[in-house]
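Now for the letters of each chain:
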Amino acid sequence: MITPDPEAGPPAPQPPPEGFRDLPSVDRLLSDERVAGLFPAHGRGSVAALARTVLDEYREAIAATGVRPATPLAPVIETLLARAAEVFRPRLVRVVNATGVIIHTNLGRAPLSAAATAAAQRVAAGYSNLEFDLERGERGSRFAHLDDRLCRITGAEAGVAVNNNASALLLALSALCRDREVIISRGQLVEIGGGFRIPDVMRQSGADLVEVGTTNRTYIEDYARAITDRTAAILRVHTSNFRVVGFVEETPLAALAALARERGLRFIDDLGSGALLDTRDFGLQAEPMIEDSVRAGADVVLASGDKLLGGPQAGIAVGRREAIEAMRRHPLARAVRAGRMTIAALSATLDHYARGEAVDAIPVWRMIAADPDLLGRRARRWSRACGAHAVAAAGQSTVGGGSLPGEELPTTVCAVDPPDGDATAFSAALRAALPPIVARISDGRVLLDPRTVDPSEDRHVEITLATLCGVTPPSGEAAAGR
Ligand SMILES: *Cc1c(COP(=O)(O)O)cnc(C)c1O
């Protein structure tokens, strides 16, 4: 809504229709130099549409209040320009994640490695052999690009990548279990996040859910007793985002795989987080590893591409060739297939594991393995940029993204006491920076964790903090030298 300037004239109860004549025409607005300056970036048509919207709002405001702006052109142009800045602002932008949550689903999960980013960019900008066999010069399969890599790294017979793990699960159940029963433990009927619930996916796939056991305890006999001639599979879902402690019994992986094999059923293992490195090597709890499930004999193992695997959004299914082939052939495979940028980035990410360089090359693992001394130095430097308004303090980072719930990595944070005491306003101001900086608030202080911030973004963080704290920003050399 636009409120016309109240100084413009006395309100008239019934505005004469000819009052609208004083508003500029769309063409008049578009001929303004500054408005025309928007065309190259946003297109004349979009600007014209916006101009019409703004003029309509003026007409409504005039009709509602009866107040007519005295000199309509200048304010209308100002309004149009302000609106354009708002409307044409890019919506999806890079942000600095200073929350200390490494796999932050709201912030796009895993950042890609330099090689994965470059690989995606290369195929993005040009043509590629996405579905073309270069050797034979004929149509090829987009599934061919990842198959051998997935097999080499996980030990599986075959692999396929789709849009995300939710679609991998939907595809596996649809292709392998439709109109038949799937047995799952009551302790694993979980909600992954954003309303994504395992029972709903199973219903969607056309498989019939058979619940066994209890929330905290499910034994192999529970599964065995539930098998009928309609049973297609046993499904295990890793309870990735919460932990049940105390009187708990989960049926071991190998026992489930053996039972499935004995009774001619498929064993589908949805791991979610998809670890290809052992989290225990980094002082964390064990997170199930893809290759362990493959070795235990799972027919299909499912994982996300952008959780602990550290790649692009994708769903990975590896396992027995015959089961993976059935998934590839299913009509849904087309609907949930991965695009060329995803395949390129995932392939480059998997290569880091194959070359044994994942911890250094893949940002998620680099952040998990970050040197505590270095984190401390960076947090202290950020704090100094705030003058007297911040201290470096011991804190906790988390892995996040539905993996390792409750697990924390010791870190050092920059803890800001905002000059005016308003932590909410201070963190909003951080988010208004370009690029936006997302921090955490705890006990009235704004906490920034260097673990999840790429060192190349440190300058931006320091300058923004200094500016918001009213301190002269550190000079380039001084900051670099410290
Ligand atoms: C995260 C998760 C999913 C969903 O994966 P997306 O890649 O986000 O679709 C499915 N199952 C489990 C066990 C998960 O942890």
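Just so it is clear, the model here is predicted, and its values are computed rather than measured.

Criteria and thresholds
- Residues numbered from 1 in each chain as written.
- Predicted model: local features only at pLDDT ≥ 70, side-chain atom pairs only at ≥ 80, totals over all residues.
- Heavy atoms only, no water.
- Core = buried A, V, L, I, M, F, W, Y, C linked by side-chain atoms within 4.5 Å.
- Buried < 20%, exposed > 50% of the residue type's maximum accessible area, 1.4 Å probe, protein only.
- Helix = DSSP H or I, 4+ residues; strand = E, 2+ residues; numbered from the N terminus.
- Domains from an automatic or database assignment.
- Near = heavy atom within 4 Å.
- Polar contact = N/O pair within 3.5 Å; in protein donor to acceptor, adjacent residues only side chain to side chain.
- Areas by Shrake-Rupley, 256 points an atom, 1.4 Å probe, with all protein chains shown as cover.
- Nonpolar A, V, L, I, M, F, W, Y, C, P; charged D, E, K, R; others polar.
- Salt bridge = Lys/Arg side-chain N within 4 Å of Asp/Glu carboxyl O.
- Contact = heavy atoms within 4.5 Å.
- Buried area = accessible area lost by both parts, 1.4 Å probe.
- Pairing = 2+ DSSP bridges.
- Axes fitted to C-alpha atoms, helices over the stretch in contact; angles between N-to-C directions.
- 1 Å grid on protein atoms, 1.4 Å probe; cavity = no way out; pocket = protein on both sides within 12 Å on 5 of 7 lines; lining within 4 Å.
- Points joined across faces, edges and corners; volume = space filled by probe spheres on them.
- Parallel < 35°, antiparallel > 145°, perpendicular 65-115°, else oblique.

**Section: the nonpolar core**
One broad trend across soluble globular proteins is that nonpolar side chains are buried collectively.
And then number 1: Core analysis: the largest hydrophobic core is formed by 53 residues, its most contacted members being I290 and L308.
And then number 2: Here this core takes five residues from helix α11 (residues 253–262), the largest share from any one element.
And then number 3: Among the domains, domain 2 (96–102 + 367–481) and domain 3 (112–361) are the pair contributing at least three residues each to this core.
And then number 4: By size, the runner-up hydrophobic cluster in this structure holds 32 residues, among which are V162, A232, L235 and I324.

**Observations concerning the site of the ligand**
And then number 1: In the vicinity of the ligand, 13 residues are found, and the nearest of them are A166, S240, D270, S304 and K307.
And then number 2: One of the side-chain N or O atoms of S304 is found 2.5 Å from an oxygen atom in the ligand.
And then number 3: Burial of the ligand by the protein chains amounts to 95% of its free accessible area of 380 Å².
And then number 4: Mapped by element, the contributors of at least two residues to the shell around the ligand are α8 (165–177) and β10 (266–272).
And then number 5: Residues belonging to the shell around the ligand are distributed by class as follows: four nonpolar, six polar and three charged.

**Notes on the pattern of salt bridges**
And then number 1: One pass over the full model with this rule turns up 31 salt bridges.
And then number 2: Among the salt bridges present, the one from R94 reaches E457, with a minimum N-O distance of 2.9 Å. A residue pair is termed long-range when its members are at least 10 positions apart, and R94 in the loop between α5 (73–87) and β1 (96–97) and E457 in the loop between β17 (445–448) and α20 (458–468) qualify at 363 residues.
And then number 3: We classify R94 as exposed; its relative accessible area is 59%.
And then number 4: A relative accessible area of 11% means that E457 is categorised as buried.

**Considering the environment of D278**
And then number 1: The residue D278 is located in the loop between β10 and α12 (290–296) in this model.
And then number 2: The buried category is assigned to D278, whose relative accessible area is 17%.
And then number 3: Between the C-alpha atoms of D278 and E131, which are 147 residues apart in sequence, the distance is 34 Å.
And then number 4: A distance of 2.9 Å separates polar atoms of two side chains, one belonging to D278 and the other to R280.

**Some remarks on the domain arrangement of the chain**
The figure often quoted for interface size is the accessible area lost as the parts come together.
And then number 1: When cut into domains, the chain gives domain 1 (18–87), domain 2 (96–102 + 367–481) and domain 3 (112–361).
And then number 2: Computed from C-alpha coordinates alone, the two centres of domain 2 and domain 3 are separated by 35 Å.
And then number 3: At the interface, 10 residues of domain 2 touch 14 residues of domain 3.
And then number 4: Between domain 2 and domain 3, roughly 1000 Å² of surface is buried when both sides are summed, and carbon and sulfur atoms account for 68% of that area.
And then number 5: Between the two partners, domain 2 and domain 3, sit one residue pair in polar contact (both at pLDDT 80 or more).
And then number 6: By residue class, the composition of the side of domain 2 that touches domain 3 is six nonpolar, three polar and one charged.

**Examining the environment of A344**
And then number 1: With respect to the helices and strands, A344 occurs in helix α15 (residues 340–354).
And then number 2: Taking the C-alpha atoms as reference, A344 lies 40 Å from L81; in sequence the two are 263 residues apart.
And then number 3: Residues contacting A344, with those up to four places away along its chain left out, are A119, A120 and V123.

**Focus: the sheet that holds strand β4 (residues 158–162)**
And then number 1: Reading across from one edge, β4-β12-β11-β10-β9-β5-β8 is the order of the seven strands in this open sheet, with mixed pairing throughout. The sheet is open, and its two borders are formed by β4 and β8 (208–212), each paired with just one other strand. Along the sheet, successive strands turn relative to each other by an average axial angle of 20°, direction set aside.
And then number 2: Sheet strands touched by α11: β9 (231–237) and β10. Its angle to β10, the strand with the most contacts, is close to 150°.

**Observations concerning empty space enclosed by the protein**
And then number 1: Applying the stated criterion across every chain, the model contains one cavity of 30 Å³ or more.
And then number 2: Taken as a whole, the largest cavity encloses approximately 40 Å³ of empty space.
And then number 3: For the largest cavity, the full set of lining residues is R142, F143, L146, V160, A161, A338 and I343.
And then number 4: Residues that form the lining of the largest cavity fall into these classes: six nonpolar, no polar and one charged.

**A look at the layout of surface pockets**
And then number 1: Within this model, the largest pocket holds a volume of roughly 1100 Å³.
And then number 2: Along its surface, the largest pocket is lined by 41 residues, and R94, A110, P111, L112 and M367 are the ones closest to its centre.
And then number 3: Those elements giving two or more residues to the lining of the largest pocket turn out to be β1, α6 (114–125), α17 (363–368) and α18 (372–385).
And then number 4: Residue composition of the lining of the largest pocket, by class: 20 nonpolar, 11 polar and 10 charged.
And then number 5: Both domain 2 (96–102 + 367–481) and domain 3 (112–361) contribute no fewer than three residues apiece to the lining of the largest pocket.
And then number 6: If you add up the space inside the second largest pocket, you get close to 670 Å³.
And then number 7: Lining the second largest pocket are 33 residues, with R236, H238, T239, E250 and P288 positioned closest to its centre.
And then number 8: Looking at the lining of the second largest pocket, the elements with two or more residues in it are α11 and α12.
And then number 9: Its residues assigned to classes, the lining of the second largest pocket comprises 12 nonpolar, 12 polar and nine charged.

**As for the packing of α8 against helix α13 (residues 321–329)**
And then number 1: Following both chains from N to C, one finds α8 and α13 inclined at 100°, their axes separated by 9 Å at the closest point. The pairing of α8 with α13 is recorded here as roughly perpendicular in orientation. Across the interface between the two elements, A168, L171, A172, A175 and L176 from α8 touch A323, A326 and M327 from α13.
And then number 2: When its residues are assigned to classes, the contact of α8 with α13 shows eight nonpolar, no polar and no charged.

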